[in-house]
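Each chain, letter by letter, is given below.
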Amino acid sequence: MSDYDESVLLEAQKLVHGDRNDDYGPPIEDFTRTVGMLNALFAHKLKEDLTPADFAMLMVCVKLSREVNKHKRDNLVDGAGYFECADWCHRAGG
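Residues numbered from 1 in each chain as written. Predicted model: local features only at pLDDT ≥ 70, side-chain atom pairs only at ≥ 80, totals over all residues. Heavy atoms only, no water.

**Q** Which parts of the structure should I look at to understand the packing of helix H3 (residues 27-41) against helix H4 (residues 52-69)?
**A** Helix-helix packing is characterised by the crossing angle of the two axes and by the distance between the axes. Where H3 contacts H4, the axes come no closer than 8 Å and their chain directions differ by 90 degrees. Relative to H4, the element H3 lies roughly perpendicular. Judged by residue contacts, Ile28, Phe31, Thr32, Thr34, Val35 and Leu38 of H3 engage Pro52, Phe55 and Ala56 from H4. Along the lines of polarity and charge, the residues of the contact of H3 with H4 split into seven nonpolar, two polar and no charged. (Axes fitted to C-alpha atoms, helices over the stretch in contact; angles between N-to-C directions. Helix = DSSP H or I, 4+ residues; strand = E, 2+ residues; numbered from the N terminus. Parallel < 35°, antiparallel > 145°, perpendicular 65-115°, else oblique. Contact = heavy atoms within 4.5 Å. Nonpolar A, V, L, I, M, F, W, Y, C, P; charged D, E, K, R; others polar.)

Take a look at the structure:
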């Protein structure tokens, strides 16, 4: 392993199910609020509403774009975390 004590996946899981969940609430609730605003803002451009899982995937794209620009472990951790959030949203029906 490298200089890090834990894998990107374990770090992401701890964040999603720990601090970030405590700070922002469960992803399905946080992302539902966010896509509600995005759907209202872009209603004239969207053929159908975005879902909370769609928003998680959008954030994966943000992290991929940042990683392409410059490697940073945080991009990998957050990307893995957003995939976890997408799964969480799918399982919750969103």
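Okay, back to it.
**Q** Can you help me understand the layout of surface pockets in this one?
**A** It is the rolling of a water-molecule-sized probe over the atoms that shows where space remains empty. In this structure, the largest pocket occupies an estimated 270 Å³ of space. Taken together, 16 residues line the largest pocket, and the ones lying closest to its centre are Arg20, Tyr24, Phe31, Tyr82 and Cys85. Put simply, the parts of the chain that give the lining of the largest pocket at least two residues each are helix H1 (8-16), helix H2 (19-24), H3, H4 and helix H5 (73-91). The element contributing the most residues to the lining of the largest pocket is H5, with five residues. In terms of residue class, the lining of the largest pocket is made up of ten nonpolar, three polar and three charged. (1 Å grid on protein atoms, 1.4 Å probe; cavity = no way out; pocket = protein on both sides within 12 Å on 5 of 7 lines; lining within 4 Å. Points joined across faces, edges and corners; volume = space filled by probe spheres on them.)

**Q** Can you walk me through the packing of H4 against H5 in this structure?
**A** Interhelical geometry of H4 versus H5 gives an angle of 170 degrees and a closest axis separation of 8 Å. Between H4 and H5, the interaxial angle falls into the category roughly antiparallel. In this structure, the crossing between H4 and H5 has a hand that is left-handed. Between H4 and H5, the residues in contact are Pro52, Ala53, Ala56, Met57, Met59, Val60, Lys63, Arg66 and Glu67 and Asp74, Asn75, Leu76, Asp78, Gly79, Tyr82, Phe83, Cys85, Ala86, Cys89 and His90, respectively. Residue composition of the contact of H4 with H5, grouped by class: twelve nonpolar, three polar and five charged. (Left-handed = near helix turned anticlockwise from the far one by under 90°.)

**Q** What am I meant to see in the packing of aromatic side chains here?
**A** Counted according to the given criterion, the structure contains two aromatic pairs. On the basis of an interplanar angle of 70 degrees and a centroid distance of 5.0 Å, the ring pair of Phe31 and Phe55 is categorised as edge-to-face. Placement of the pair is Phe31 in helix H3 and Phe55 in helix H4, with a sequence separation of 24 residues. Residue Phe31 shares its accessibility class with Phe55, and that shared class is buried. (Phe/Tyr/Trp six-rings, centres within 6.5 Å; stacked < 30°, edge-to-face > 60°. Buried < 20%, exposed > 50% of the residue type's maximum accessible area, 1.4 Å probe, protein only.)

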